[in-house]
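Survey of secondary and tertiary structure
The lines below spell out each chain.
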Amino acid sequence: PELEPERADTTTIGVVWEPSFASGLSMSVDYYDIDLQDAIGSLGGQNIVSGCYGRSPFTAPQPELCDLISRDPTTGVITNVNNQTLNLAYIQTSGVDMEVDYRFALSSIPGTWSVRLLGTYLNNFDENNGIVTVDRAGQLGNSQWRVTGSTTWATGPVSLFLQLRYIDAAHIDNTYGPNDIYDNHVPSRIYVNGSAQYTLFDSEARGRLQVFGNINNILDQDPPIIPSASAAPGQTTLAPDYDKIGR
């Protein structure tokens, strides 16, 4: 009940260009900067005790944290640490989103084509938990580059779609040093998806009836395997960017 709402200042600047010399071409670039203050988080039991006494990584005692520690009245031994959520942190992130969209027709091939390219670059993702600040950009789940390209060809009742999705290489955890883990690297991934669609009929009297088929992860790309300190010797990552089902 003592938590305050998180508050953020968000700044976005964008530009869209549709050049007159290339009909059907549209390009856009958007920059964003998000500064979230009073982020809700928790310190963890050991950090609460360390903060109460001003031990590393704290530079001075934090008396308000001592109220979260319970002791045996006779022995003085710690019996409980209340690791409750607090307004103690901030998150600051910035990056650039880009898009290119081009629709055209070829004289040698019937029908229409459309090509679309979406990209996002994560410049930084600074997280502060009340003790230290860590830049999570380039970490698992926060890859610095993500790019999606797609093309669609349509003629008459037939429409074909192909998509490539790229996820940049990343670190398992940006806080790991060179001696903390043998391999802190998560390789990049490219996923290929496709679909086909056929319109059986389309009229005011009968309505429209279409049949379609999709194939996700055509190349049957496995998700990366990362080490786990609390589960089996190896497990698939839970980051939402990776496909865990397969083709």
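Figured I'd write up the structure that's included with this text. (Residues numbered from 1 in each chain as written. Predicted model: local features only at pLDDT ≥ 70, side-chain atom pairs only at ≥ 80, totals over all residues. Heavy atoms only, no water.)

Describing the state of the cysteines
Taken as a whole and assessed by the stated rule, the structure comprises one disulfide. Residue Cys52 pairs covalently with Cys66 via a disulfide, S to S 1.9 Å. One quick way to see it: the torsion about the S-S bond of Cys52 and Cys66 is about 100°, and its sign makes the bridge right-handed. In this pair, Cys52 is assigned in helix H1 (residues 45-53) and Cys66 in helix H2 (residues 63-66), connecting sequence segments 14 residues apart. (Disulfide = S-S within 2.5 Å. Helix = DSSP H or I, 4+ residues; strand = E, 2+ residues; numbered from the N terminus.)

Concerning the nonpolar core
In globular proteins that are soluble, nonpolar side chains generally tend to be buried together. Counting 14 residues, the largest nonpolar core has Leu43, Ile48, Leu65, Leu68, Ile69, Leu86 and Leu88 as its most contacted members. Residue assignment for this core shows that the elements contributing at least two residues are strand S2 (25-41), H1 and strand S5 (86-105). Beyond its immediate chain neighbours, meaning those up to four positions away, Leu86 contacts Leu3, Ala39, Ile40, Gly41, Leu65 and Leu68. Residues Leu140, Ile172, Tyr191 and Tyr242 belong to the second largest nonpolar core, which totals eight residues. (Core = buried A, V, L, I, M, F, W, Y, C linked by side-chain atoms within 4.5 Å. Buried < 20%, exposed > 50% of the residue type's maximum accessible area, 1.4 Å probe, protein only. Contact = heavy atoms within 4.5 Å.)

Quick notes on H1
Taken residue by residue, H1 has Ile48, Val49, Ser50, Gly51 and Cys52 as its buried positions. On its buried face, H1 is in contact with H2, strand S3 (69-71) and strand S4 (78-81). Once H1 finishes, Gly54 follows within two positions and takes phi at roughly 70°, a positive value.

Digging into the pattern of salt bridges
All told, the structure shown has four salt bridges when counted by the stated rule. For Glu99, the salt bridge identified is with Arg116, shortest N-O distance 2.9 Å. Within this pair, whereas Glu99 is found in strand S5, its partner Arg116 is found in strand S6 (residues 112-128), the two being separated by 17 residues in sequence. When the shortest N-O distance is used, the salt bridge between Arg103 and Asp101 registers 3.6 Å. We classify Arg103 as exposed; its relative accessible area is 52%. Since its relative accessible area comes to 16%, Asp101 is described here as buried. Through salt bridges with shared partners, one network takes in Glu127, Arg136 and Asp173. (Salt bridge = Lys/Arg side-chain N within 4 Å of Asp/Glu carboxyl O.)

Description of the packing of aromatic side chains
Under the defined criterion, the tally for this structure stands at four aromatic pairs. With 6.3 Å between their ring centres and 40° between their planes, Trp113 and Trp153 make a pair best called tilted. Of the two residues, Trp113 sits in strand S6 while Trp153 sits in strand S8 (residues 145-155), which places them 40 residues apart along the sequence. Given the relative accessible area of 24%, Trp113 is considered partly exposed. Directly above the aromatic system of Tyr53 lies the positively charged group of Arg55, at a separation of 5.0 Å from the ring centroid. In this structure, Arg206 packs its charged tip against the face of Phe201, placed 3.8 Å from the ring centre. (Phe/Tyr/Trp six-rings, centres within 6.5 Å; stacked < 30°, edge-to-face > 60°. Lys NZ or Arg CZ within 6 Å of the ring centre and 35° of its normal.)

A short note on the environment of Asn214
Within the element layout of this structure, Asn214 appears in strand S13 (residues 207-215). Between the alpha carbons of Asn214 and Tyr32 there is a distance of 34 Å; along the sequence they are 182 residues apart.

Some words on the environment of Thr133
As for its placement among the helices and strands, Thr133 is situated in strand S7 (residues 133-135). Looking at Thr133, the relative accessible area reads 40%, which means it is partly exposed. A sequence separation of 108 residues divides Thr133 from Asp241, and the C-alpha atoms of the two residues are 24 Å apart. With residues up to four places along the chain from it excluded, the contact list for Thr133 reads Tyr90, Asp126, Glu127 and Asn128. Within the structure, Thr133 has its side chain in polar contact with the side chain of Asn128 (distance 2.8 Å). (Polar contact = N/O pair within 3.5 Å; in protein donor to acceptor, adjacent residues only side chain to side chain.)

Focus: the pairing of S4
Alignment of S3 against S4, held across three bridges, turns out to be antiparallel. If you follow Ser70 over to S4, its bridge partner there is Asn80. Taking the residues that link successive antiparallel strands as the turn, the S3-S4 hairpin has six residues, and the phi of Gly76 there is positive, at about 80°. (Pairing = 2+ DSSP bridges.)

A closer look at unusual backbone geometry
You will see that Asp38, though not glycine, has its phi angle at about 55°, which is positive. The residue Asn217 is not glycine, and still its phi comes out positive at about 55°. Looking at where Asn217 falls in the secondary structure, it is placed in the loop between S13 and strand S14 (225-226). For Asn217, a relative accessible area of 1% gives the class buried.

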